[in-house]
Amino acid sequence: MKLYFKPTDHRNPDSEEATLLLIEAVDKWGTEDQLRMAQEEAGELIAAINQYLRQRIPLLDVAEEVADVLIMASQVAEIIDRSSPGLVDSLLGQKLHRLRTRLGNKTEPK
Ligand SMILES: [Mg+2]
């Protein structure tokens, strides 16, 4: 498993500890519960963005839901990785490449 975000707050676990925490969560609560939690958090992010666009909450309030979704998306990636190792990473690479192409290859790595 790899994290798809980088914790930077010194009070929180570093990347390695965070990775182990997310694996532990999947092991403890299981695939179905964590997939349902991912659905719930994705829904909360959708609602928060909607509230922001309707000028009912500040953009900073969307941050909490983004953090929740990043944590749950990493757990979903871990769940997928257990049956299809490397698939999410591969798709992520392909999609980033496509994004680079759409942006005109201005950020092509050396
Ligand atoms: Mg949430």
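Residues numbered from 1 in each chain as written. Predicted model: local features only at pLDDT ≥ 70, side-chain atom pairs only at ≥ 80, totals over all residues.

Asker: Provide a residue-level description of the overall build of the protein chain, including the pertinent values.
Answerer: Counting its secondary structure elements, the protein chain contains three helices and zero strands. Counting from the amino terminus, the protein chain carries its helices and strands in the arrangement α-α-α. Its C-alpha atoms give the protein chain principal-axis dimensions of about 45 × 40 × 30 Å. Out of the 110 residues in the protein chain, the part that is buried amounts to 13%. Partitioning the intrachain contacts of the protein chain with sequence separation of at least 6 by distance along the chain shows that 51% fall at a separation of at least 24. (Helix = DSSP H or I, 4+ residues; strand = E, 2+ residues; numbered from the N terminus. Buried ≥ 20, exposed ≤ 12 C-beta atoms within 10 Å, placed from the backbone. Contact = placed C-beta atoms within 7 Å.)

Asker: Describe the environment of Lys6, listing the residues and the values that go with them.
Answerer: Tracing the backbone through its elements, the reader meets Lys6 in the segment before helix H1 (15–53). Placed 31 residues apart in sequence, Lys6 and Met37 show a C-alpha to C-alpha distance of 21 Å.

Asker: Can you tell me about helix H3 (residues 87–102), naming the residues and giving the values?
Answerer: The end-to-end C-alpha separation of H3 is 22 Å, in line with the 22 Å expected for 16 residues at 1.5 Å each. Burial runs low along H3: only one of the 16 residues are buried. Directly after H3, the chain includes Gly104, whose backbone phi takes a positive value near 90 degrees. (Expected span 1.5 Å × (residues − 1).)

Asker: Summarise H1; cite the residues concerned and give the values.
Answerer: Taking 1.5 Å of rise per residue, 39 residues should cover 57 Å, yet H1 covers just 32 Å from first to last C-alpha, more than 12% shy of that figure. For H1, the full list of buried residues reads Leu22, Gln34, Glu41 and Ala48. As for H1, its buried residues are in contact with helix H2 (60–83).

Asker: So what's going on with the nonpolar core? Which residues, and what values?
Answerer: With seven residues, the main nonpolar core is built from Leu22, Val69, Ile71, Met72, Val76, Ala77 and Val88. Counting residues per element, this core draws most heavily on H2, at five residues. Residues in contact with Val88, not counting those within four places in the same chain, are Ala77, Ile80 and Asp81. (Core = buried A, V, L, I, M, F, W, Y, C linked by C-beta atoms within 7 Å.)

Asker: Run through the packing of H1 against H2, naming residues and quoting values.
Answerer: Orientation of H1 relative to H2, taken along the N-to-C sense of each, is 145 degrees, at an axis distance of 7 Å. Viewed along their axes, H1 and H2 form a crossing whose handedness is left-handed. (Axes fitted to C-alpha atoms, helices over the stretch in contact; angles between N-to-C directions. Left-handed = near helix turned anticlockwise from the far one by under 90°.)

Asker: Go over unusual backbone geometry with me, naming the residues and quoting the values.
Answerer: With a phi close to 60 degrees, Gln55 is a non-glycine residue in the positive phi region. Mapped onto the secondary structure, Gln55 falls in the loop between H1 and H2. For Gln55, a count of 7 C-beta atoms within 10 Å puts it in the exposed group.

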